[in-house]
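# Descriptive structure summary
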Amino acid sequence: NKQVILKNYVTGYPKESDMEIKNSTIKLKVPEGSKAVVVKNLYLSCDPYMRSRMRKMEGSYVESFTPGSPITGYGVAKVLESGDPNFQKGDLVWGMTGWEEYSIITPTQTLFKIHDKDVPLSYYTGILGMPGMTAYAGFHEVCSPKKGETVFVSAASGAVGQLVGQFAKMLGCYVVGSAGSKEKVDLLKSKFGFDEAFNYKEEQDLNAALKRYFPDGIDIYFENVGGKMLDAVLLNMKLHGRIAVCGMISQYNLEQTEGVHNLFCLITKRIRMEGFIVFDYYHLYPKYLEMVLPQIKAGKVVYVEDVADGLESAPSALVGLFSGRNIGKQVVIVSRE
Ligand code: NDP
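What counts and what doesn't
- Residues numbered from 1 in each chain as written.
- Predicted model: local features only at pLDDT ≥ 70, side-chain atom pairs only at ≥ 80, totals over all residues.
- Helix = DSSP H or I, 4+ residues; strand = E, 2+ residues; numbered from the N terminus.
- Rg over C-alpha atoms; globule rule 2.2 N^0.38 Å.
- Buried ≥ 20, exposed ≤ 12 C-beta atoms within 10 Å, placed from the backbone.
- Contact = placed C-beta atoms within 7 Å.
- Pairing = 2+ DSSP bridges.
- Axes fitted to C-alpha atoms, helices over the stretch in contact; angles between N-to-C directions.
- UniProt positions renumbered as here; feature names shortened; annotations may be inferred.
- Right-handed = clockwise from strand over helix to strand, strands pointing away.
- Core = buried A, V, L, I, M, F, W, Y, C linked by C-beta atoms within 7 Å.
- pLDDT = per-residue confidence, 0-100.
- Arc of directions from axis to C-beta.

What follows is about the overall build of the protein. Across its full length, the protein holds eight helices and 15 strands. Here the C-alpha radius of gyration of the protein, 20 Å, is about what a compact globule of 337 residues would show, namely 20 Å. Projected onto its principal axes, the C-alpha coordinates of the protein cover approximately 65 × 45 × 35 Å. Across the 337 residues in the protein, those meeting the buried criterion constitute 44%. Long-range pairs, those at least 24 residues apart, make up 65% of the contacts in the protein with a sequence separation of at least 6.

This is the structure in structure tokens:
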């Protein structure tokens, strides 16, 4: 069983060499009387929150990885053996699995059965999995959006951002996204239907850039990056604006996080800024699927993936998230069947 092992806790930017590929010969079997499930992993998801698990933490919403053990994360897998009556041999599932060829999934780990196989299976790491639910719950449940409102999305071409933009357009909002390259900016406008987009790396003054696209201010900010962008956005929010704090990727590799200077805007503009964690909203998953599956099949919602081939490519794919190398959702193929 080939595995991706975290060698040690990481400081600063993660590197490929923080991980190594090893072989384990331990046979995976469901222990007598247990509700565990043994799976063959097909697709693995690279997600920014995994960076926080590479450091020693206590009292966080997720646990640290264990150095010397395989990395764990979301993935799509096939059931080989099941002690849980809800899953049968041959079922396809998505949920928390290991970065390895075969895993044993314990009953406390999130695991969903895949019913609709009429779409690319890898989508269950993205639009039909955790990032999809993040975009849906973060936008519809946290932002209380209304038709005609102005929406700004950062890291807009990524796994979550590309969907937030499309959901906001479906509702009739004016949507602008920021991303880190010309190729991504073009994608936002030509493929995902954003009204405008800009490359934040080319802007000397983020405040001026936002004023250019939002002369009357921003109603909704879907926050993915934090830091300087959040500071500039606060100055450009409208009265009673809403900020869904989804992530702050610009801060994840810093030992000392940057201060945000313009928080007073929360008071003067009566802004509601709310952090959220996707798994609090998993009860809405069936409702989300009911909405999004027909939209995918009708070609009304599109999804761009960046697919790395083979378990060996997983460390480099994960590290690439923090330099913006991924274009769209970063997936790793472990096996096609
Ligand atoms: P992406 O697919 O968007 O990949 C990460 C992207 O972040 C990169 O491609 C890069 O794009 C951008 N980025 C990297 N470093 C920086 C930086 N220093 N400053 C600005 N942008 C940077 O990731 P996801 O869509 O999966 O995740 C987006 C955000 O959502 C993350 O912050 C993540 O932690 C958060 N999240 C939160 C969840 C929750 O439950 N709250 C659940 C899932 C995700 P670019 O080239 O544009 O810079």
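There is more to say, and it comes next.
For the rest of this paragraph, the subject is the sheet that holds strand 13 (residues 272-275). The sheet built from six strands is open, its strands ordered 10-9-8-11-12-13 with parallel pairing. Looking along the sheet, the strands with just one partner apiece sit at the ends: strand 10 (196-199) and strand 13. Averaged over all pairs of adjacent strands, the angle between strand axes in this sheet comes to 15°, irrespective of strand direction. Of the pairings in the sheet, the one linking strand 12 (residues 237-245) to strand 13 comprises four bridges and is parallel in character. When the sheet's bridge partners are listed, Ala244 is paired in strand 13 with Glu274.

Let us look at the UniProt feature "domain: Enoyl reductase (ER)" (unreviewed entry) in the protein. Listed under "domain: Enoyl reductase (ER)" (unreviewed entry) in the UniProt record, and renumbered for this structure, are residues 37-332. With 25% helix and 26% strand, the stretch residues 37-332 has end C-alpha atoms that lie 22 Å from each other.

Counting buried positions along strand 9 (residues 174-179) gives five out of six residues, so the element sits mostly inside the fold. Note that strand 8 (residues 150-153) and strand 9 share four bridges and pair parallel. When the sheet's bridge partners are listed, Phe152 is paired in strand 9 with Val176. Two elements, strand 9 and strand 10, share four bridges in a ladder whose sense is parallel. Looking at the pairing, Val176 lines up with Glu196 of strand 10. Read from strand 9 through helix 3 (residues 182-190) to strand 10, the crossover connection turns out right-handed.

The topology assignment puts Gly129 in the loop between strand 7 (111-113) and helix 1 (130-142). Take Gly129: there are 26 C-beta atoms within 10 Å of it, and that puts it in the buried class. Residues Gly129 and Glu223 lie 94 residues apart in sequence; the distance between their C-alpha atoms is 20 Å. Among all residues touching Gly129, those that are not within four sequence positions of it are Ser45, Tyr74, Trp94 and Tyr124.

Counting 94 residues, the largest nonpolar core has Phe139, Val164, Phe222, Val233, Ala314 and Val332 as its most contacted members. In terms of residue count, helix 1 provides more of this core than any other element does, seven residues in total. Each residue touching Phe139, except ones within four places of it in the same chain, is listed here: Pro145, Val164, Phe167, Ala168, Phe222 and Ala244.

The next subject is the confidence of the model for the protein. Taken over all residues, the pLDDT of the protein has a mean of 97, while the share at 70 or more is 100%. ipTM for the predicted complex: 0.99, alongside a pTM of 0.97.

A separate point is helix 5 (residues 227-236). Of the residues making up helix 5, those classed as buried are Met229, Leu230, Val233, Leu234 and Asn236. Looking straight down helix 5, one finds its buried side chains confined to an arc of 165°; they lie on one side. Next to the buried residues of helix 5 lie strand 8, helix 4 (206-213), strand 11 (218-223), strand 12 and helix 6 (265-268).

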